[in-house]
Structures are given as structure tokens and as C-alpha cells.
Amino acid sequence: MATYATPRTLVALVLAGAVAVTAAVPATAAPPTASHHPTHSATQDALHAITRAGTPGALARVDRAHETWHGSSGVADLRTGRPRLPQDRFRAGSLMKPFIATVLLQLAAEPEYGLAIDDTVDKWLPGLVRGNGNDGRRITLRHLLQQTSGLHDYIKDSGLRAKFTGEAFLAHRYDGATPEELVRVALAHRPRFDPGEQWEYSNTNYILAGMVIEKATGNSYAFEVERRIIKPLGLRGTTLPGTSSSVPGPHGRNYSKLFVDGPAARIYDVTDFNPSVSGASGEIISTARDLNVFMRALLRGELLPPAQQKEMFTVRDLGSGRSYGLGIRSQTLETCGVKVWGHSGDTFGSATRTAATADGEHVITLNQNSDWGDHTLKQAAIEAEFCGPRHR
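Presented here is a report on the structure given in the accompanying data block. Residue numbers here run from 1 along each chain, matching the order of that chain's written sequence. Totals for whole chains, interfaces and linings use every residue, but because this is a predicted model, local features are given only for residues with pLDDT of at least 70 and side-chain atom pairs only at 80 or more, for both listing and counting. Note that water and hydrogens are dropped before the side-chain values are worked out from all heavy atoms of the structure.

Description of the overall build of the protein
For helices the rule is a DSSP run of H or I covering at least 4 residues; for strands it is a run of E covering at least 2, with both sets numbered from the N terminus onward. Per the secondary structure count, the protein includes 13 helices and 15 strands. Accessible areas in this description were obtained via Shrake-Rupley with a 1.4 Å probe; residue shielding takes into account the shown protein chains only. Here the protein displays about 15100 Å² of accessible surface, and carbon together with sulfur accounts for 53% of that area.

Written out as C-alpha cells, the structure reads:
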């Protein structure tokens, strides 16, 4: 395995229609982007707004140059009233995607694997993606990572959703699924569009990406993520649980209304469930510290060689100041024009967002321990952190 990290980040931090394609400057060449305010009072206020709206608890960590700030609001556990703690682990959902994209791009940089980002899915998983108009011979690994494959998102399948909506979740929470089963659910639907023609988020893409990693290396994607990212960066609170239903301590509880609307909807503790139903698209458990460490290292070019770094940060324009690269999002904040990079992750009882300036100097991870509520409140917290109180 090639090594791309340098001691600089590890010591300093130790620590969610056809469009145009535009090239982004690799993160290592990006100019510094300054925050607009010296304190985090607006960010703390935004966390309080999240809990006032009904979420049991919210936490955030900010790393900026040599400063670290922790914020929290509400509780980690409705039964005991324990507050949320900086070291709490939580399910981070689709923040798994930049980890998977990074590993696949690392493999493309290592000649012994014979993998290229423009290889077809069929080259690595022959015959798997076929039927109902789906054809892995036309879909590339780039299409998977950039969410332009056109494959149906398996979690939007009505049969699958019925198992996890309302009290049905309680009967099926430990069922789990194999990657092959999840792909079959997706392939029961026709593609949404021809590969490369449009952009649409689909978790199926990353289930397949995980399978490609396993075919190329002979190891599980979890093993490769651990040896290539988790261990080198010292992400001591980050795990890929596979079929294990529990969250390692320390952690709070996760709460859900099980996607039932209305003021009378009951709140359930959904902390424990089999995350293999998310697999390579979102099984990860992590901490705010670890996600900040990872995002900072990624943006500084310490996980990928320059050519693959450029590939990751070559984006598809989504309009409204938003874009998507290979497993990474960008957004130009409306209130102050600062551009941030990162990802979001929603899963049962947990919603997470990580965002950072292009140079990795200013990064925030925030998490709420519920899966309902106004998503604009998390966006308001991001705006508050990077834009400051004068823009509120």
C-alpha cells in the first residue's frame, strides 16, 4: 500500500436535469479561507435552535488552526438526562462515502491493482448489473462515485422502506442484508437515466463501490478502510460495525419517530440495529473529532496523490452554489460566500454534517441524535460557524 499522509496534519490536529462539469483546484493548492468571526457563539445558538425544535440533543466540534471548540445542547439520553459529550460516538451514515471514494482512488493510484476510475462496473463485477435496462458495461466507477450512474436508489424501494417505517422497524431492525441483496433490490427498478447524463444521489452506487474494492483487493472494504485511513490517521473512535447492532461506548442514544408524521408520533430509541442494510453506503460509526481529522487530511491532499486528488475534487455542478465530486460535496454559503467541502449523513436516529474550508484549516462536524426535524437548522449551524453572527 502506498502512503500519502505526512506528519503535518497528524501532529497539528492529531486529532448528506443535465448539469455541467467543472474542474476544481486541488485542495492542496487552494488559498486560505478565513472565518468571519472570532467566537462560536452563533454556532452554539444554532445548536440550541436544533434542540428547541424537538431534537433531544446536538453536539459540534470545530477545529480551526490550533483551536478546538466543543458545543452541545440538550441531552444524549432522554431517560437519564446525560448531556452530550465531546467524545461521544454516533452513527454517521453517508459520511462513509468519502472514505469509500478515497480507498477506491488510492487503488487507482497503485498499479498492482490494475484499477482505473473509468473502468466499467462490469469489468470488476461481471454480469452483476444487468436487467430492467441496467447495464454495468455502460457504468463506470467514476459514475458510481459521482452519483451519475442512473441506478435506482435501493432505499427508495417501497418494499424495503415498508420494513423500516413505523412499528415494522421494531420487527426488522436486526434483519440486515448482504450487498448482493441490496443490489438486487435496486435492479428490480429501471434506471433513472443513462449513465453520465444526469446526477441523482443513489446509495446503490456505493454498495457497488464497496464490492469493487473487495474484488480488487481480496479483502473486505472495511479492512481496507481501516488499514488505509482509520489506523494511519489515528481515528480511535471510528468503526465499521458490519452486522453488529450496537454502538461502542461512549455514546448517547439515538431517537426516531420511524418516519411517521404528525404531533402524536411516538419517539422510539433506535440506537441498536443491524447496519449492514447500509453497508458501504453508510454503516460507519465515528466521533466529531475523527471526522474533523479525516476531512482535514483529505482536503490537504494527505490521503491521495495529486492526480487522484484532482479527480476527487473535479465536480458536477448541481446549481444553487452546490456541487458533487467523487464522494465529496461542496457548497457556497449563501450568507457570506464562503465555499465549504464535506458531506452529510442521515441514518436511523442520527443526522451528521461535516464541512470545511478548502484548505482544511477550519472544519466543523455536528450531529443530532434524531432523524426528524427541519434540516435547514443544521445548515443554519454551518452558516453560523463560517459566516458569524453579523450575517444572521
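Moving on, there is more to tell.
Here we look at the state of the cysteines
Here, the term disulfide refers to a pair of cysteine sulfur atoms separated by no more than 2.5 Å. The full count for this structure, using the stated rule, is 1 disulfide. For Cys336, the disulfide goes to Cys387, at an S-S distance of 2.0 Å. Taking the torsion about the sulfur-sulfur bond, which here is approximately -60°, the covalent link between Cys336 and Cys387 counts as left-handed. Of this pair, Cys336 sits in the loop between strand E12 (329-332) and strand E13 (339-347) while Cys387 is found in helix H13 (residues 376-387), placing the two residues 51 residues apart along the sequence. Of the two residues examined, Cys336 and Cys387, each falls in the buried class. Exposed residues in this analysis have more than 50% of their type's maximum accessible area, buried residues have under 20%, and partly exposed residues fall in between, with area computed by a 1.4 Å probe over protein chains only.

A closer look at the environment of Gly131
Positionally, Gly131 belongs in strand E5 (residues 130-131). A relative accessible area of 35% places Gly131 in the partly exposed class. Distance from Gly131 to His189, taken between C-alpha atoms, is 8.9 Å for residues 58 residues apart in sequence.

Considering the pattern of salt bridges
A carboxyl oxygen of Asp or Glu within 4 Å of a side-chain nitrogen of Lys or Arg is what we treat as a salt bridge. Inspection of the entire model under this criterion finds 17 salt bridges. Ionic pairing is found between Glu311 and Arg142, a salt bridge with its closest N-O pair at 2.7 Å. Highlighted residues: Glu311 in helix H12 (residues 306-312) and Arg142 in helix H5 (residues 141-146), separated in sequence by 169 residues. The exposure class of Glu311 is partly exposed, given its relative accessible area of 25%. Among the ionic pairs, Asp175 bridges to Lys163, the shortest N-O distance being 3.8 Å. Pair noted here: Asp175 is in the loop between helix H7 (168-172) and helix H8 (179-187) and Lys163 is in helix H6 (residues 158-163), with a separation of 12 residues, a long-range link. On the basis of relative accessibility, which here comes to 40%, the residue Asp175 falls in the partly exposed class. Judged by relative accessible area, Lys163 falls into the partly exposed class, the value being 28%.

As for unusual backbone geometry
Omega for the bond connecting Gly249 with Pro250 falls within 30 degrees of zero, at -5°, which places this linkage in the cis form. Relative to the helices and strands, Pro250 is located in the loop between helix H10 (221-233) and strand E7 (255-256). Although it is not a glycine, Asn132 adopts a positive phi angle of roughly 60°. In this fold, Asn132 is placed in the loop between E5 and strand E6 (134-135). The phi torsion at Ser320 lies on the positive side, around 55°, for a residue other than glycine. Positionally, Ser320 belongs in the loop between strand E10 (315-319) and strand E11 (322-324).

With respect to the pairing of strand E3 (residues 67-74)
Strands were regarded as paired on the criterion that DSSP finds at least two bridges between them. As judged from the 8 bridges shared by strand E2 (residues 57-64) and E3, these two strands associate in the antiparallel manner. Paired with Val62 across the bridge in E3 is Trp69. Joining the antiparallel neighbours E2 and E3 is a turn of 2 residues, in which Ala65 adopts a positive phi near 55°.

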